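Structural overview
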Amino acid sequence: MAPGTEKEVLGAGAGMAGAVALESGVELGEIEVKARGYWEQVWRRLRKDKIAIAGGVTIIFLILGAFVGAPIAQAILGHGPDDLFYTAMNAQGQPIGPLSWVDNPLNPGHKVFLLLGADSTLGRDEFLRLLYGAQVSFEVALLATLGSISIGVLLGSMAGYFRGWVDTIVSRVTEITMAFPSLLFIIALASTIGDSLNNITFGIFGRGVFNLFLILSIFGWFYPARIMRAVVLSLREKEFVEAARMVGSSDWRIIRSHILPHLVAPIIVYTTLSVASFIIAEAGLSYLGVGIKLPTASWGNLLQQASDYYTTQPWLMVWPGLAVLLTTLAFNLLGDGLRDAFDPRSTH
Amino acid sequence: MWAFVLFIAVTIVTYVIFYAIPANPARLACGQRATAECIKRAAHYLGTDRPLYVQYGKFFGRLMPVAGLGPNNFSPHFKTPNLGRSFTNRLTVNSVVLNAAPVTASLVFGGAVFWMLIALPVGILSALRPRSLLDRIAMVFVLVGISAHPVWIGLLLAYFLGFKAGVFPITGYCDFINPSGNCGGPVQWAYHLVLPWATFAFLFAALYVRMIRANVMEALGEDYVRTARAKGAPEWLVMRSHVLRNALLPVVTMLGMDIGIALGGAIFTESVFGLPGLGKTAIQAIENFDLPTTQGVVVFATLCIILLTLVVDLLYAWIDPRIRLT
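Residues numbered from 1 in each chain as written. Chains lettered and ligands numbered in written order. Predicted model: local features only at pLDDT ≥ 70, side-chain atom pairs only at ≥ 80, totals over all residues. Heavy atoms only, no water.

1. Brief notes about the overall build of chain B
What counts is decided by this rule: For helices the rule is a DSSP run of H or I covering at least 4 residues; for strands it is a run of E covering at least 2, with both sets numbered from the N terminus onward. Burial classes: relative accessible area under 20% of the type maximum marks a residue as buried, over 50% as exposed, and values in between as partly exposed (1.4 Å probe, protein chains only). Whether two residues are in contact is decided by their heavy atoms, any of which lying within 4.5 Å being enough. Accessible surface is estimated by sampling points in the Shrake-Rupley manner with a 1.4 Å probe; for residues, cover comes only from the protein chains shown.
In terms of helices and strands, chain B carries 13 helices and two strands. By residue count, 44% of the 326 residues in chain B fall in the buried class. Considering only contacts in chain B between residues 6 or more positions apart, those separated by 24 or more positions represent 65%. Carbon and sulfur atoms form 67% of the exposed surface of chain B, whose accessible area is close to 16,900 Å².

Right, dumping it as structure tokens:
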């Protein structure tokens, strides 16, 4: 995530304060005209943004495809994403191309249909692996976003609100990690502690998902923390916080009813953008061989396998890359649209 | 001072992470049928039989450029910082890092020039003509650039330009100065790096086009630009000394920060194109549980990032007279 986004997301928070203030003014003046609520206004603006809506629809479609479509496709095709078909090779000894029928060695006399061909010379179904890879990518990206944003919001808003030693520690830690070659650390951690965590799946997640979730959360909370700190720092000097303090509200009450509502907009915007960056991170780590390990499919390790055959089967590298592009593009477009919807005055 | 604390923190963290490794480097050194005796000797030789803080202390002592104070306590002895020897091939880490650093430096700085060459004209022109065809194309480029995976861009470029068209070499690195065979010298160096540069620059070019466009548009709306135009200043002068000067200030800061971030991103480009740079060295070292080499790369990269930040701060104060160094 680029440092530049910090300022932009900040703007969304300030815009919300403005929008709310404007709203209550209208409500006071004309009582019989029902004023539009804040969320209704945001939704109306977002609905007009065709591109953002397209992004949102794509995301829903992709998630459905990954979690509902994959098992259905498996049932229709009659084989799983990890099944090996040594027959799925062409005359040159390379993985077979798209749209091909191959003999099923487990069930002689029957043919198996490989929509996008085989993933490697081991002959797994590339199409099913893409769908199941989507599951893994979404699980990692959504969990890591949840983890990093929870830590980031908690620490960032505490640092911004209480100042003092909490702020010192949080700011220093984030500064240190900004100067870290953090990718090296992520790779080192993933390859050292990763193996022992690979089998923790809680029965629902793919293998290696928990491990990446932990590592990406640990290294991902700095940006949200900095953004939240900056937003809260400006909020705590606002008149309404001062007024609340004057009438004797406790810190907890001020945070809950005066600060948190203003953080919702930047959190939502940052969440969408963060999912996109974690999907890229997962694919990158798996490509380097430290993320999701084979035989579990992920877009990253599909890309890695494809690079072995890119002169003979270039299609293999197109699919996972396109999948990553489509997904991150959808999240980025939705994120930009949401930012504009929350803060119509911001310029991009 | 702050940079020094940072530096120590980074080295300690690497040590702790690697202490968590279940593999024993001494066992690896002895091969498959390791005897207890051999492991013990190897562990002693590598120094891994001592406690963590002793290992770290020795490492830190070697790293410091000052070996100790002289007899009269006033003249410190200076020495070259030493990163130790690799666990796997016993080469000095200094030589490993120094061999790999020019490759990564060529990639990162060449890539930075590449992305600025794309981002500056495109960003400025699309800010001057918002909603024009160029602006729309640039926005699509930005979206694809920030959404596509760098590895994928690299593979596609390698396939179409390197393999299909055969215009550029796909792998290999040629030294800038020392020619070996027909591979060497500035021309071959640049020729072999075109595809890695393009791959590397793609993401950052996209980010910078967006940032430069936003900055220039913001500066164009400022009061001082209107004043300058009202006074009848020619458009190129307004652009040069009012708009660009203000719009490009943040770009300088970003550039310094991003070159630091890019050192990490170089890992992907290096592994796609098989460049023997720092990133590839680090990955190999991590896979072999080779702590000294990993540590060496991390220390070196951190040092570079800290230095770059410092240079950017100084540069910034020089460009923008409003900022005073404290």
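2. Some remarks on the packing of aromatic side chains
Residues and elements named next belong to chain B. Quick note on the threshold: Only the six-membered ring of Trp is used, alongside the rings of Phe and Tyr, when aromatic pairs are assigned; centres must lie within 6.5 Å, and planes under 30 degrees apart are stacked while those over 60 apart are edge-to-face, with the rest tilted.
All told, the structure shown has nine aromatic pairs over all chains when counted by the stated rule. Ring geometry for W115 and F204: centres 4.4 Å apart, planes at 20°, overall stacked. With W115 in helix α5 (residues 93-128) and F204 in helix α8 (residues 185-220), this residue pair connects regions lying 89 residues apart in the sequence. Both residues of the pair, W115 and F204, belong to the buried class.

3. Comments concerning a positive patch on the surface
Residues and elements named next belong to chain A. What counts here: Each patch groups residues whose relative accessible area exceeds 30% and which form no salt bridge, using 9 Å between like charges and 5 Å between nonpolar side chains of Val, Leu, Ile, Met, Phe, Trp and Tyr. A pairing counts as a salt bridge when a side-chain nitrogen of Lys or Arg comes within 4 Å of a carboxyl oxygen of Asp or Glu. The positive count covers Lys and Arg only, the negative count covers Asp and Glu only, and His and the chain ends enter neither. Lys charges are placed at NZ, Arg charges at CZ, Asp charges at CG and Glu charges at CD.
The grouping of R36, R44, R47 and K48 at the surface amounts to a positive patch. Along the chain, R47 falls in helix α2 (residues 38-48). Note on R47: relative accessible area 46%, which makes it partly exposed.

4. Examining unusual backbone geometry
Leave glycine aside and you will find that most residues have negative phi; peptide bonds, for their part, are mostly trans. Unlike most non-glycine residues, R163 of chain A shows phi in positive territory, near 50°. In this fold, R163 of chain A is placed in the loop between α4 (126-162) and α5 (164-179).

5. Regarding helix α11 (residues 251-288) of chain A
Along an α-helix, residues three or four apart share an orientation, since each turn contains 3.6 residues. Residue and element names in this part refer to chain A. The following threshold applies: Expected helix span is computed as 1.5 Å times (number of residues minus one). One fitted axis covers the seven residues ending at a residue, a second covers the seven starting there, and the bend at that residue is the angle between these axes.
An ideal rise of 1.5 Å per residue puts 56 Å on 38 residues; α11 reaches only 46 Å between its terminal C-alpha atoms. Taken as a whole, α11 carries its principal kink of about 45° at L260; the proline P261 stands between one and four residues after it. Backbone geometry just after α11 places G289 at a positive phi near 90°.

6. Describing a nonpolar patch on the surface
All names here are of chain A. There is a patch of nonpolar side chains on the surface, built from I60, L64, F67, V68, I72 and I76 and spanning about 580 Å² of accessible area. Structurally, F67 can be placed in helix α3 (residues 50-77). On the basis of relative accessible area, F67 is assigned to the partly exposed category, the value being 33%.

7. Examining the packing of helix α8 (residues 209-220) of chain A against α11 of chain A
Residues and elements named next belong to chain A. Selection criterion: Each axis is a line fitted through C-alpha atoms, taken for helices only over the stretch in contact, and angles between the N-to-C directions span 0 to 180 degrees. By the definition adopted for this analysis, an angle is roughly parallel if under 35 degrees, roughly antiparallel if over 145, roughly perpendicular if from 65 to 115, and oblique otherwise. We call a crossing left-handed when the near helix sits turned anticlockwise from the far one by less than a right angle, and right-handed when that turn is clockwise.
Two elements in contact, α8 and α11, have axes separated by 12 Å at closest approach and are oriented at 125°. Taken together, the axis directions place α8 and α11 in an arrangement best described as oblique. The handedness of the crossing between α8 and α11 comes out as right-handed. Between α8, through L212, L216 and G220, and α11, the contact on the second element is made entirely by F278, A281, E282 and L285.

8. Thoughts on the confidence of the model for chain B
Residue and element names in this part refer to chain B. Spelled out, the test is: pLDDT gives the predictor's per-residue confidence on a scale running from 0 to 100.
Averaged over every residue, the pLDDT of chain B is 73; residues scoring 70 or more account for 65%. Confidence, read as mean pLDDT per element, is least for strand β1 (residues 66-69) in chain B (48) and greatest for helix α9 (residues 223-230) (86). A low-confidence stretch, residues 67-73 stays under pLDDT 50, and its non-local contacts, those more than four residues away or across chains, total 10 contacts. In the predicted complex, the global pTM is 0.78; the interface-specific ipTM is 0.74.

9. A few points about helix α6 (residues 133-147) of chain B
A rise of 1.5 Å per residue sets the reference length of α6 of chain B, with its 15 residues, at 21 Å; its end C-alpha atoms lie 21 Å apart and thus fit the reference within 8%. Every buried residue of α6 of chain B is listed here: D135, A138, V142, G145, I146 and S147 of chain B.

10. A look at the environment of Y159 of chain B
Residues and elements named next belong to chain B. Within the secondary structure, Y159 is located in helix α7 (residues 150-164). The exposure class assigned to Y159 is buried, which follows from its relative accessible area of 7%. The spatial distance from the C-alpha of Y159 to the C-alpha of L98 is 31 Å, given a sequence separation of 61 residues.

11. A look at the packing of α2 of chain A against helix α13 (residues 315-342) of chain A
Residue and element names in this part refer to chain A. Our working rule: Three classes are used, and their members are as follows: Ala, Val, Leu, Ile, Met, Phe, Trp, Tyr, Cys and Pro are nonpolar, Asp, Glu, Lys and Arg are charged, and the others, Gly among them, are polar.
Running from N to C, α2 and α13 point in directions that differ by 130°, and their axes come no closer than 8 Å. Comparing the axis directions of α2 and α13 gives the class oblique. Read as a crossing pair, α2 and α13 show a hand that is right-handed. Packed against α2, whose contacting residues are Y38, W39, V42, R45 and L46, the element α13 presents G337, L338, D340, A341 and F342 at the interface. Class assignment for the residues of the contact of α2 with α13 results in seven nonpolar, one polar and two charged.

12. Focus on the side chain of S157 of chain A
All names here are of chain A. Position of S157 relative to the elements: it lies in helix α4. Given the relative accessible area of 16%, S157 is considered buried. The residues contacting S157, other than those within four sequence positions of it, are G152, M228, V232 and L263.

13. Examining the environment of E270 of chain B
Residue and element names in this part refer to chain B. For clarity, the threshold we go by: The term polar contact refers here to a pair of N or O atoms within 3.5 Å; inside protein, the definition further demands a hydrogen-donor-capable atom paired with an acceptor-capable atom, and it admits residues adjacent in sequence only when both atoms are side-chain atoms.
Along the chain, E270 falls in helix α11 (residues 249-273). For E270, a relative accessible area of 0% gives the class buried. Remark: the alpha-carbon pair of E270 and V103, spanning 167 residues in sequence, is separated by 9.2 Å. Not counting residues up to four positions away in its chain, the partners in contact with E270 are T104, L107, L275, G277, L278, G279 and K280. Polar side-chain contacts of E270 include one of 2.8 Å to the backbone nitrogen of G279. A distance of 3.0 Å separates a polar atom in the side chain of E270 from the backbone nitrogen of K280.

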